[in-house]
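# Examining the three-dimensional arrangement
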Amino acid sequence: MNIPKIAALVPMKGHSERVPHKNIRPLAGKPACHWVLEKLNDCKYIEEIIVDTDDEEIAEVVKCFPKVKLLERPDFLKGDMVSIQPLIEYDIQHSSCDFFLQTHSTNPCVEPETYEKAIEAFFNQNEHDALFSVTEIKSRFYWPDGRGINHDPKHLIRTQDLEPIYEENSCFYLFSRETNEKVKNRLGSNPMMYPIDSLEAADIDYMEDFYWCEFLLNRKK
């Protein structure tokens, strides 16, 4: 299998509304972002890690990693209302790679082997132009009027026997430069879903998520 060089994209802004300073907040013994950067640094298919940031403290914290290429976020990309696609477009302009894995420092539990297996799965097929990580869920969901979304409330079966549905967990996205320039979306036009373990998919949005990730990481240690 011929796998080209891949750049990881890890945008980090200084301001966080729900978890203050969450990118560099101490998490299980180290700055939170170090967990993701260490694992990307250990991933054999990742050529470089592009970190764009608007924060000097973040820049200081991340520059110790050999693969990190630091970008200062320009003014037109600063602020809480900037979506991910303009950041991706800016970042890939500063890389010579043709494929990219975009992730977040708020997904500290994903292992290097998971990145590698997902990359191998993507390059071992020709149908899909992008890949994104998902979490399998087998639970009963309802519309506001009480109708079942993924089951029949009148004929209840065991939850473990339900057809699974999949949640986009935002842990990582894989796409080419060509696809992103054409579609303007990290999901491409025909993405491949890649299920990962729910514990690996832990994501820090709120303080309770932060405490949960800290517990998981300490348990692994």
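For the structure itself, look to the data block above.
These remarks concern the structure in this document. All figures in this text were calculated on a predicted structure; none of them were measured in a lab.

With that out of the way, let us pick up the state of the cysteines. The final tally for this structure, using the stated rule, is zero disulfides. Considering cysteine sulfurs only, cysteine 64 is the nearest to cysteine 33, which forms no disulfide, with 8.1 Å between them. Of all cysteine sulfurs, the one in cysteine 97 lies closest to cysteine 43, which takes part in no disulfide; the gap is 12 Å.

Going residue by residue along strand β9 (residues 191-195), you find Met192 and Tyr194 tucked away on one face and Pro191, Met193 and Pro195 left uncovered on the opposite face. Pairing analysis gives five bridges linking strand β7 (residues 130-137) to β9, with the strands arranged parallel. Bridge pairing in β9 places serine 133 opposite tyrosine 194.

Strand order in the open sheet made by the seven strands is β5-β4-β1-β6-β8-β7-β9, with mixed pairing throughout. Looking at strand neighbours, the two that pair on one side only are β5 (68-72) and β9, the edges of this open sheet. Between one strand axis and the next, the sheet turns through 30° on average, direction left out of account. When strand β1 (residues 6-9) meets strand β4 (residues 46-53), the two strands line up parallel, connected through four bridges. What sits directly across from alanine 8, in β4, is isoleucine 49. Its contacts with the sheet put helix α1 (residues 32-42) on β1, β4, β5 and β6 (99-103), and the angle it makes with β4 is roughly 155°.

Put simply, the largest pocket is a space of about 720 Å³. What lines the largest pocket is a set of 24 residues, among which Lys13, Arg18, Lys22, His104 and Asp205 lie closest to the centre. Here the residues of the lining of the largest pocket sort into six nonpolar, nine polar and nine charged.

For the rest of this paragraph, the subject is helix α4 (residues 112-123). End to end, α4 covers 17 Å across twelve residues, agreeing with the expected 16 Å (1.5 Å per residue, within 8%). Residues Pro112, Thr114, Tyr115, Glu116, Ala118, Ile119, Phe122 and Phe123 constitute the buried set of α4.

Located in the positive-phi region is alanine 28, a residue other than glycine, with phi close to 50°. By the element assignment, alanine 28 lies in the loop between β2 (26-27) and β3 (30-31). The class of alanine 28 is buried, set by a relative accessible area of 7%. Residue lysine 184 is not a glycine yet carries a positive backbone phi of 60°. The topology assignment puts lysine 184 in the loop between α5 (177-183) and β9. For lysine 184, a relative accessible area of 48% gives the class partly exposed.

On inspection of all chains with the given rule, the structure shows twelve salt bridges. We note a salt bridge from lysine 78 to aspartate 75, for which the minimum N-O separation is 3.1 Å. Residue aspartate 75 is classed as exposed on the basis of its relative accessible area, which comes to 63%. Ionic pairing is found between lysine 184 and glutamate 89, a salt bridge with its closest N-O pair at 3.9 Å. Residue lysine 184 is found in the loop between α5 and β9, and its partner glutamate 89 is found in helix α3 (residues 84-92); the two are separated by 95 residues along the sequence.

Calculation criteria
Residues numbered from 1 in each chain as written. Predicted model: local features only at pLDDT ≥ 70, side-chain atom pairs only at ≥ 80, totals over all residues. Heavy atoms only, no water. Disulfide = S-S within 2.5 Å. Buried < 20%, exposed > 50% of the residue type's maximum accessible area, 1.4 Å probe, protein only. Helix = DSSP H or I, 4+ residues; strand = E, 2+ residues; numbered from the N terminus. Pairing = 2+ DSSP bridges. Axes fitted to C-alpha atoms, helices over the stretch in contact; angles between N-to-C directions. Contact = heavy atoms within 4.5 Å. 1 Å grid on protein atoms, 1.4 Å probe; cavity = no way out; pocket = protein on both sides within 12 Å on 5 of 7 lines; lining within 4 Å. Points joined across faces, edges and corners; volume = space filled by probe spheres on them. Nonpolar A, V, L, I, M, F, W, Y, C, P; charged D, E, K, R; others polar. Expected span 1.5 Å × (residues − 1). Salt bridge = Lys/Arg side-chain N within 4 Å of Asp/Glu carboxyl O.

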